[in-house]
Every structure is written in structure tokens, then in C-alpha cells.
Amino acid sequence: MRRVLLHLGLHKTGTTAAQSFLYENRELIWPHFALVLPYRTRNSGLSRAATNHSVYGTVGTLSEFGSQMRDFLDSLDFGEKRGLILSEENFAGLRPSRNLEQGYAAAPDLAACLVDSIHQRFSGQEIEITLYLSLRQRGSWLRSLWAHDLQRMRQVQDFDTFRDSIDHLPSLQETVNQIRDKLPTVTVNTDWLEELQLRQFGPGAPFAEYLDLPHDKAQQLVPPSKSNTRLPEDVLAELLDLNRSRLDEAALVAQKAAVVERAQQALMGAT
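The structure presented is a predicted model; accordingly, all values stated were derived computationally and were not measured. (Residues numbered from 1 in each chain as written. Predicted model: local features only at pLDDT ≥ 70, side-chain atom pairs only at ≥ 80, totals over all residues. Heavy atoms only, no water.)

**Student:** Would you mind going over the overall build of the protein chain with me for this structure?
**Tutor:** A tally of regular secondary structure across the protein chain gives 14 helices and 5 strands. Computed over the C-alpha atoms, the radius of gyration of the protein chain is 19 Å, within 12% of the 18 Å expected from 2.2 N^0.38 for a compact globule of 271 residues. Its C-alpha atoms give the protein chain principal-axis dimensions of roughly 60 × 45 × 30 Å. For the protein chain, with 271 residues in total, the buried portion stands at 49%. Restricting to contacts in the protein chain with at least 6 residues of sequence separation, those with at least 24 account for 77%. Total accessible area on the protein chain is roughly 13600 Å²; 47% of this is exposed by carbon and sulfur atoms. A gap of 3 Å separates the mean positions of the 29 positive and 34 negative side-chain charges of the protein chain. (Helix = DSSP H or I, 4+ residues; strand = E, 2+ residues; numbered from the N terminus. Rg over C-alpha atoms; globule rule 2.2 N^0.38 Å. Buried < 20%, exposed > 50% of the residue type's maximum accessible area, 1.4 Å probe, protein only. Contact = heavy atoms within 4.5 Å. Areas by Shrake-Rupley, 256 points an atom, 1.4 Å probe, with all protein chains shown as cover. Lys, Arg positive; Asp, Glu negative; His and termini not counted. Charge placed at Lys NZ, Arg CZ, Asp CG, Glu CD.)

Here it is in C-alpha cells:
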């Protein structure tokens, strides 16, 4: 039986660390699973197709995502027994802070389309598909979204205003429940980031368990080396001030990058 694990995010719930774990252990994973991470889904246009559907929500945008997904799967080498591990948070849709009207409303349809594409790729074969989504307590999740936007966009709202603008969206758990309702015959697993952070491999822990490697191989697994470090409040305030300034885009990007680099170096020096 081929085993397929589809990690669909959600954004700002430890996905960077999870993908770091998968990448750094790729040599142990490859004999058993084809591994698909964001550098492939984004370079191939699949990520954009998924986020386009989350914004426009038409039959055509969903069909385009499915068509691209099937073509992509056809290009992968699965051999006779190799399964698939895929991790891409944009397959749940555009980051909710950039899609305030829809949030993750398209996630169930995107997940169903992805599962259907997997079934078509392995038509006539016995497969076991598991969807996995990581969750995070709402307060820290919203703050992480806001902090991310401060760094990556010209976000000019303070946190309270930002929170009020996005607080109408369903909880992450509600999104998972909607996916389960859409795919009642598919296993949908979740873990909370706050609990994962206490485990040996952090957000990589669910993948270490799923791999089910022989003991000697499991002992070779390494923890993720990358994660998104939470910036101190004074640094976030400095980024907000820069976003509210009259700097042109090039100068703004350069100054924010310098602020973040200085903060990260300070954090590293403090550990």
C-alpha cells in the first residue's frame, strides 16, 4: 500500500520548522516517500494556482489547480512502492491576512481537489491518504500573522486594529472541521503548535512518527534547524513606525531588513 501524507499548513503554525525537518532528513525519507516542499510547489506555479482559487473561488480556478496538480504528480518518480509526503501551506489558500473576505473558506475544496488528484495518479492501486494540519491558539496566531505582515508588507495597522479586522474569520479548528466534513472518508490529523514545541523534533515530530523508520534509521533523524523566531515587541514597534513613514519601497525594504537582522543577531547572542 502506498502511503500519502498531505500537510496543508496552516500558515504561521510551525510550517517553516516542519518543512526544515523534512528537507534536512530528505535522504532518510527518499527511499520511502517522494518529498514535495514549497520550493517545488511555488516554482511550478501550483501554489499560485491554489491561492488564486482561494481569492476568486470559481469552477475555472479550481479546475486549473487540479489540472496543474495532476500534471505535476505525473512528473514524479514513485517507483513501485514509494509514497508521497507533501507540505505546502498555500494549498489551504492565501494567507488570511491577505484575504480578509474569504480567509480559509476555499481550503475544503482545495483539499478535496488535491485528494482527487492523488487518487487519479494512483488509479487502481491501494493507497492510504492522510491530511495533516497544524493549529495554534488564536491569540498568538493572529499576532504572528500581524508580525509577519509587518516584515513582508507595508502593514500600517497596530495589532488591535489588525485583530479587529480579521477576528470575524472562523477559527483554525473550524477550518479543520470543514475539511473533515468535505472528506469524511479521509483521515485528517491535527496537532497544536504549543504542544509540538515541547517535543523532540518540534513541529517535525508528527512527520517523524509518520515515517515509522526502523530504529537504526530513526536514530539518525535530526531536528529542524530553521524556524520563524518571534521578534521582540520593541522591534515590531520599530517596523510599524517604518511602515508608516514616507520612505519609498526600496528604502523601506532595506531598513526593515536591517532592523530584523539586528534583532535576530541580538536574539542569537542571548541564547
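That covers the picture; the talk isn't over yet.
**Student:** Hey, could you run me through the packing of helix H4 (residues 46-56) against helix H5 (residues 59-74) in this one?
**Tutor:** Packed helices, taken two at a time, are described by their axes: the angle between them and the distance between them. At a closest axis distance of 8 Å, the pairing of H4 and H5 adopts a crossing angle of 165°. Accordingly, the angle class assigned to the pair H4 and H5 is roughly antiparallel. As for the relative orientation of H4 and H5, their crossing is left-handed in sense. Here Leu 46, Ala 49, Ala 50, Asn 52, His 53 and Tyr 56 of H4 come into contact with H5, specifically with Thr 61, Leu 62, Phe 65, Gln 68, Met 69 and Phe 72. (Axes fitted to C-alpha atoms, helices over the stretch in contact; angles between N-to-C directions. Parallel < 35°, antiparallel > 145°, perpendicular 65-115°, else oblique. Left-handed = near helix turned anticlockwise from the far one by under 90°.)

**Student:** Sorry if this is basic, but what is going on with unusual backbone geometry here?
**Tutor:** Across residues other than glycine, the phi torsion is negative in most instances, and most of the peptide bonds are trans. With an omega dihedral of 20°, the bond running from Gly 9 to Leu 10 counts as a cis peptide bond. Along the chain, the position of Leu 10 falls in the loop between strand S1 (2-7) and helix H1 (15-24). Backbone geometry places Lys 12, a non-glycine residue, at a positive phi of 60°. Inspection of the secondary structure assignment puts Lys 12 in the loop between S1 and H1. Even without being glycine, Asp 212 reaches a positive phi, approximately 50°. The residue Asp 212 is located in the loop between helix H11 (205-211) and helix H12 (215-218) in this model. Since its relative accessible area comes to 61%, Asp 212 is described here as exposed.

**Student:** Help me out: how do you make sense of the side chain of Glu 89 in this one?
**Tutor:** Inspection of the secondary structure puts Glu 89 in the loop between strand S3 (83-87) and helix H6 (107-121). Reaching out from Glu 89, the side chain makes a polar contact with the side chain of Thr 15 at a distance of 3.4 Å. Apart from residues no more than four positions distant in its own chain, Glu 89 is found in contact with Leu 8, Gly 9, Leu 10, His 11, Thr 15, Gln 19, Pro 38 and Arg 42. (Polar contact = N/O pair within 3.5 Å; in protein donor to acceptor, adjacent residues only side chain to side chain.)

**Student:** Is there a simple way to explain the pairing of S3 in this structure?
**Tutor:** Side-chain positions along a regular strand alternate between the two faces of the sheet. Extensive coverage of S3 is indicated by the burial of 5 of its 5 residues. Residues Gly 83, Ile 85 and Ser 87 line one face of S3 and the alternating positions Leu 84 and Leu 86 line the opposite face, and both faces are buried. Across 4 bridges, S1 lies against S3 in parallel orientation. Within the sheet, the bridge partner assigned to His 7 lies in S3 and is Ser 87. Relative to S3, strand S2 (residues 33-36) runs parallel, the two sharing 4 bridges. Of the residues in S3, the one forming a bridge with Ala 34 is Leu 84. (Pairing = 2+ DSSP bridges.)

**Student:** Could you clarify how one ought to interpret the pattern of salt bridges in this entry?
**Tutor:** If you walk through the whole model with that rule in mind, you get 15 salt bridges. A salt bridge links Arg 95 to Asp 149, with the nearest nitrogen and oxygen atoms 2.8 Å apart. With Arg 95 in the loop between S3 and H6 and Asp 149 in helix H7 (residues 138-152), this pair connects stretches of sequence that are 54 residues apart. (Salt bridge = Lys/Arg side-chain N within 4 Å of Asp/Glu carboxyl O.)

**Student:** When you look at the environment of Ser 20 in this model, what are you seeing that I'm missing?
**Tutor:** Relative to the helices and strands, Ser 20 is located in helix H1. The exposure class assigned to Ser 20 is buried, which follows from its relative accessible area of 6%. For Ser 20 and Pro 223, which are 203 residues apart along the polypeptide, the C-alpha to C-alpha distance reads 8.4 Å. The contacts of Ser 20, once residues within four sequence positions are left out, are Pro 224, Ser 225 and Lys 226.

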